[in-house]
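# A closer look at the structure
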Amino acid sequence: MPRRMGRPGLLGTMARTAVITGTARSVSNHMQPRTDDRYAQQAPPQTYAAPAAPAAPAAPDRVSQLTALADLKSQGLLTDEEFAAEKAKLLNS
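Everything quoted here is computed from the prediction, not taken from an experiment.

### What about the confidence of the model for the protein?
In the predicted model, the protein carries a mean pLDDT of 79, and the fraction of residues at 70 or more is 78%. Looking across the protein, the model is least confident in helix α1 (residues 10-41), with a mean pLDDT of 80, and most confident in helix α3 (residues 80-92), with 89.

Pasting the structure below:
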């Protein structure tokens, strides 16, 4: 039977892949202890402070609160007495 020339067949390709994989694994296993030692000799990892809590939202200003009260009154959700009482609370605070 004549021998094929050119690209390797399926078995040749599988054998070449097995050799390459085995070599890579061997080199990796050989180098792993060296890298472990190198990283162990380095300074310990830095720890970072926790981020600061977000600031409390600023209290809405009086004008926007009065506007909201006026809207509630115009919608009929507040009576004149309730509106006057809430407005007095806002202005006195």
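After presenting the structure, the write-up continues.
### Brief notes about a nonpolar patch on the surface
On the surface, L10, L11 and M14 cluster together into a nonpolar patch covering about 380 Å² of accessible area. Its location among the elements puts L11 in helix α1. When its relative accessible area of 70% is taken as the criterion, L11 is described as exposed.

### A look at the pattern of salt bridges
Taken as a whole, this structure holds two salt bridges when the rule is applied. Between D80 and K73 there is a salt bridge, and its shortest N-O distance comes to 3.2 Å. The partly exposed category is assigned to K73, whose relative accessible area is 33%. The partner of K89 in a salt bridge is E86, with the nearest N and O atoms 3.5 Å apart. Note that K89 and E86 are positioned in helix α3 at a spacing of three residues, about one turn of the helix.

### As for the packing of helix α2 (residues 62-74) against α3
With their axes 10 Å apart at the nearest point, α2 and α3 run at an angle of 175 degrees to one another. Between α2 and α3, the crossing angle belongs to the class labelled roughly antiparallel. Between α2, through R62, Q65, L66, L69, A70 and K73, and α3, the contact on the second element is made entirely by D80, F83, E86, K87, L90 and L91. Here the residues of the contact of α2 with α3 are counted per class, giving six nonpolar, one polar and five charged.

Criteria and cut-off values
Residues numbered from 1 in each chain as written. Predicted model: local features only at pLDDT ≥ 70, side-chain atom pairs only at ≥ 80, totals over all residues. Heavy atoms only, no water. pLDDT = per-residue confidence, 0-100. Helix = DSSP H or I, 4+ residues; strand = E, 2+ residues; numbered from the N terminus. Patch = residues over 30% accessible without salt bridge, like charges linked within 9 Å, V, L, I, M, F, W, Y side chains within 5 Å. Areas by Shrake-Rupley, 256 points an atom, 1.4 Å probe, with all protein chains shown as cover. Salt bridge = Lys/Arg side-chain N within 4 Å of Asp/Glu carboxyl O. Buried < 20%, exposed > 50% of the residue type's maximum accessible area, 1.4 Å probe, protein only. Axes fitted to C-alpha atoms, helices over the stretch in contact; angles between N-to-C directions. Parallel < 35°, antiparallel > 145°, perpendicular 65-115°, else oblique. Contact = heavy atoms within 4.5 Å. Nonpolar A, V, L, I, M, F, W, Y, C, P; charged D, E, K, R; others polar.

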